[in-house]
Amino acid sequence: MSRETILRVQNVTKTFGGILALNRLSFEVGRGEVLGIIGPNGSGKTTVVNCITGFVRMTSGKVFFEDQDISGKPPHKIADMGVTRTFQVMRPYYSLPAYKNLVIPLFSPRARRTGGWRGGGKLGDRNTVGIDILEEIGFERDSFVPYKMASTLPTGYLKRLELARCLALQPEVILCDEVFSGLSMSEIASMVPLIERIQMDGITVVMIEHRLRELFRVANRIVVLNFGEKLMEGTPEEVMSDERVREAYFGSEEVEEVMTYA
């Protein structure tokens, strides 16, 4: 598939003490695609996201966004460029209502530059836009849910709130760290079209995920990690028919799904 590269990870290595978490990892992400990153527990998936978004400083290697070297930049600078992320363990402002969690990124320099908040500069405008975004990702506008304190929201809404905070920044790329984790089957079923809609809006999505069945519904390509190295990459069908992937997952909780797709 011919595609413009928007994000490039080049020979990234990360060590924690004497532990090699990533070993000269390289891959590219095409503009507007959904790339899935999978692998057994401990294979380095979240470390990749942390290195790309500046939450962890890589030991060596480079990360490029739109041909700009973003290696070593702090997280807020990377987010301001248009590369955002969700967290596996959600990090909302628990002491604020859900919609107020959106008002904060809507005040960001990027939102001001891109016109993401679509208002005239008043706080009330941002409140309204915050609720608009929450409605777009599955909050019921006419209910009390957008006004509830984030600390009272169940996991499904918190996962959506993570995505909403990314969308408030008008991002070019969203890295999703296990956005399906902890959700019921019905909640996942409603999240899949949301990811599809985000892609249709031109946003590039990188998904770290254990829920393979659902991931393969939305991902254009898959990168498989094992022991911090790229085992292979390809379409979901190519990846799941590879014997090395079967062996890497053998004995893990995902092996049954891997065998299903092989």
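Going by the structure above, here's the rest.
Residues numbered from 1 in each chain as written. Predicted model: local features only at pLDDT ≥ 70, side-chain atom pairs only at ≥ 80, totals over all residues. Heavy atoms only, no water.

Chemist: How should I be thinking about the packing of aromatic side chains in this particular structure?
Modeler: The geometry of an aromatic ring pair is captured by two quantities: the separation of the ring centres and the angle between the planes. If you walk through the whole model with that rule in mind, you get four aromatic pairs. These aromatic residues form a ring-pair network of at least three members: Tyr99, Phe144 and Tyr147. Taking the ring centre of Phe16 as reference, the NZ or CZ of Lys14 above it sits at 5.0 Å. The ring of Phe55 carries Arg85 above its face, with NZ or CZ at 5.0 Å from the centroid. (Phe/Tyr/Trp six-rings, centres within 6.5 Å; stacked < 30°, edge-to-face > 60°. Lys NZ or Arg CZ within 6 Å of the ring centre and 35° of its normal.)

Chemist: Help me understand the pairing of strand β7 (residues 173-177), please; the structure alone is not making it clear to me.
Modeler: Working note: regular strand, side chains alternate between the two faces of the sheet. Buried residues dominate β7, accounting for five of its five residues. The pairing of strand β6 (residues 83-85) with β7 spans three bridges and is classified as parallel. Across the sheet, the residue bridging to Val83 is Val173, located in β7. As paired strands, β7 and strand β8 (residues 204-208) are joined by five bridges and run parallel to one another. Among the inter-strand pairings, Cys176 is bridged to a residue of β8, identified as Met207. In this region the chain leaves β7, passes through helix α7 (residues 185-200) and returns to the parallel neighbour β8; the handedness of that crossover is right-handed. (Buried < 20%, exposed > 50% of the residue type's maximum accessible area, 1.4 Å probe, protein only. Helix = DSSP H or I, 4+ residues; strand = E, 2+ residues; numbered from the N terminus. Pairing = 2+ DSSP bridges. Right-handed = clockwise from strand over helix to strand, strands pointing away.)

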